[in-house]
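# Structure assessment
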Amino acid sequence: MSADGLAGRVAVVTGALGILGPVWTEALAGAGATVVGLDVREGDGVLQGDVTDRTSLERVLAAVVKEHGAPSVLVNNAGIDVPPGQTDDSSFRETLDVNVAGLFNATQVFGQAMCDAGRGSIVNIGSLYASVAPIPSFYDHLDPPFTKPAAYGASKAAVVNLTRYFARLWGPYGVRVNALSPGGVRGEQDAEFVRKYSERVPLGRLAEPADIVGPLLFLASDASGYVTGQELRADGGFTA
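This write-up is about the structure you can find in this document. (Residues numbered from 1 in each chain as written. Predicted model: local features only at pLDDT ≥ 70, side-chain atom pairs only at ≥ 80, totals over all residues. Heavy atoms only, no water.)

### Notes on the overall build of the protein chain
When you go through the protein chain residue by residue, the secondary structure sums to six helices and seven strands. Each helix and strand of the protein chain, ordered N terminal to C terminal, gives the series β-α-β-β-α-β-α-β-α-β-α-α-β. Radius of gyration (C-alpha) of the protein chain: 17 Å, near the 18 Å computed for a compact globule of 240 residues. Its C-alpha atoms put the protein chain at 50 × 35 × 35 Å along the principal axes. (Helix = DSSP H or I, 4+ residues; strand = E, 2+ residues; numbered from the N terminus. Rg over C-alpha atoms; globule rule 2.2 N^0.38 Å.)

### Quick word on the layout of surface pockets
Counted as a void, the largest pocket has a volume near 1500 Å³. Lining the largest pocket are 50 residues, and of these I19, I80, D81, K148 and Y152 lie nearest its centre. Mapped onto the lining of the largest pocket, the elements with two or more residues apiece are β2 (34-39), α3 (88-117), α4 (150-170) and α5 (191-200). In terms of residue class, the lining of the largest pocket is made up of 24 nonpolar, 16 polar and 10 charged. (1 Å grid on protein atoms, 1.4 Å probe; cavity = no way out; pocket = protein on both sides within 12 Å on 5 of 7 lines; lining within 4 Å. Points joined across faces, edges and corners; volume = space filled by probe spheres on them. Nonpolar A, V, L, I, M, F, W, Y, C, P; charged D, E, K, R; others polar.)

### Some points on the packing of helix α1 (residues 21-30) against helix α6 (residues 209-220)
Contact geometry of α1 with α6 gives a least axis separation of 10 Å together with a crossing angle of 55 degrees. Relative to α6, the element α1 is oriented oblique. You can see that α1 and α6 cross each other, and the crossing is right-handed. Across from V23, W24, A27 and L28 in α1, the residues of α6 making contact are P209, I212, V213, L216, L217 and A220. Considering only residue class, the contact of α1 with α6 consists of 10 nonpolar, no polar and no charged. (Axes fitted to C-alpha atoms, helices over the stretch in contact; angles between N-to-C directions. Parallel < 35°, antiparallel > 145°, perpendicular 65-115°, else oblique. Left-handed = near helix turned anticlockwise from the far one by under 90°. Contact = heavy atoms within 4.5 Å.)

### Quick notes on α6
Count 3.6 residues to each turn of an α-helix, and residues three or four apart come out pointing the same way. With 12 residues, α6 ought to run about 16 Å at 1.5 Å a step, and its terminal C-alpha atoms sit 17 Å apart, in line with that. Of the residues making up α6, those classed as buried are I212, P215, L216, L217, L219 and A220. Tucked into the core, α6 has its buried residues touching α1, β4 (73-76), β5 (120-125), β6 (175-182) and β7 (231-234). (Expected span 1.5 Å × (residues − 1). Buried < 20%, exposed > 50% of the residue type's maximum accessible area, 1.4 Å probe, protein only.)

### Considerations on the nonpolar core
The biggest cluster of nonpolar side chains holds 28 residues, and the ones touching the most others in it are L57, F110, I122 and V175. Looking at this core, the elements with two or more residues in it are β1 (10-14), β2, α2 (54-68), α3, α4 and β6. Sort the elements by how many residues they give to this core and α3 lands first, with nine residues. The contact partners of F110, leaving out residues within four places of it in the chain, are V12, L38, L57, V60, L61, P71 and L74. Formed by 23 residues, the second largest nonpolar core is a distinct cluster that contains V75, V185, A207 and A220. (Core = buried A, V, L, I, M, F, W, Y, C linked by side-chain atoms within 4.5 Å.)

### Quick look at the side chain of S127
As for its position among the elements, S127 is in the loop between β5 and α4. Among the polar contacts listed, one links the side chain of S127 to the backbone nitrogen of Y129, at a separation of 3.0 Å. Sequence-distant contacts of S127, that is, excluding residues within four places in its chain, are made with Y152, K156, S181, P182 and E231. (Polar contact = N/O pair within 3.5 Å; in protein donor to acceptor, adjacent residues only side chain to side chain.)

### Some details on the sheet that holds β2
The seven strands are arranged β3-β2-β1-β4-β5-β6-β7 in an open sheet whose pairing can be described as parallel. Both edges of this open sheet fall to β3 (46-48) and β7, since each of them pairs with a single strand only. Looking at each pair of strands side by side, their axes are set apart by 20 degrees on average, direction ignored. In this structure, β5 lies alongside β6, joined through six bridges in parallel fashion. Paired with I125 across the bridge in β6 is L180. Against the sheet, α4 contacts β5, β6 and β7, and its axis sits at roughly 160 degrees relative to β6. Sitting on the sheet, α6 is in contact with β4, β5, β6 and β7, with an inclination near 170 degrees to β6. (Pairing = 2+ DSSP bridges.)

In structure tokens form, the structure reads like this:
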């Protein structure tokens, strides 16, 4: 994709201060878009807003429109997972509130503005766990023992379904909606997890951030102008 493939577009990224938020914002800006980051936390150059609070999202939309014009790209990145040490029981509802209801709120608020403008692309960030269950042995070396929570995969499966729902609903208005489901992305994982995970992946490694930038820009841009309602899995073949 050319460096100016999104020139003139206004892109909103939720969860901009999360692990992958900076990856998405930098990629979109590098492709020429004007990028507005949104996060529940305060941060330099990021508008504060809570995806579980529709009123706060409406305030952010008004600020974006006033400063830059209507958004034409939305990356629904905001989400939470349960880290080792917490129980699924204590956070199941919170995970669904953010990952599902929060995405629904952001899609409605920013997506409706796209419908009104007659164009737009929404990219919902899913996960390989939207379509396959976690493998317990990936985590059994941790102390204390850890089981990947059910809520995360359940929420990401719902994200894929919402993707299809809004793709069919808003296609007539010129708004495309797709999901990008990365596999494991290299971060601060311990060496044993990396070994176990990599052995399960046909390409033999975790993704690097650069591996998932291309798929995002494809879905955000006119390069995918006839693609909607799809889940693009960038998982190194994990789900093959």
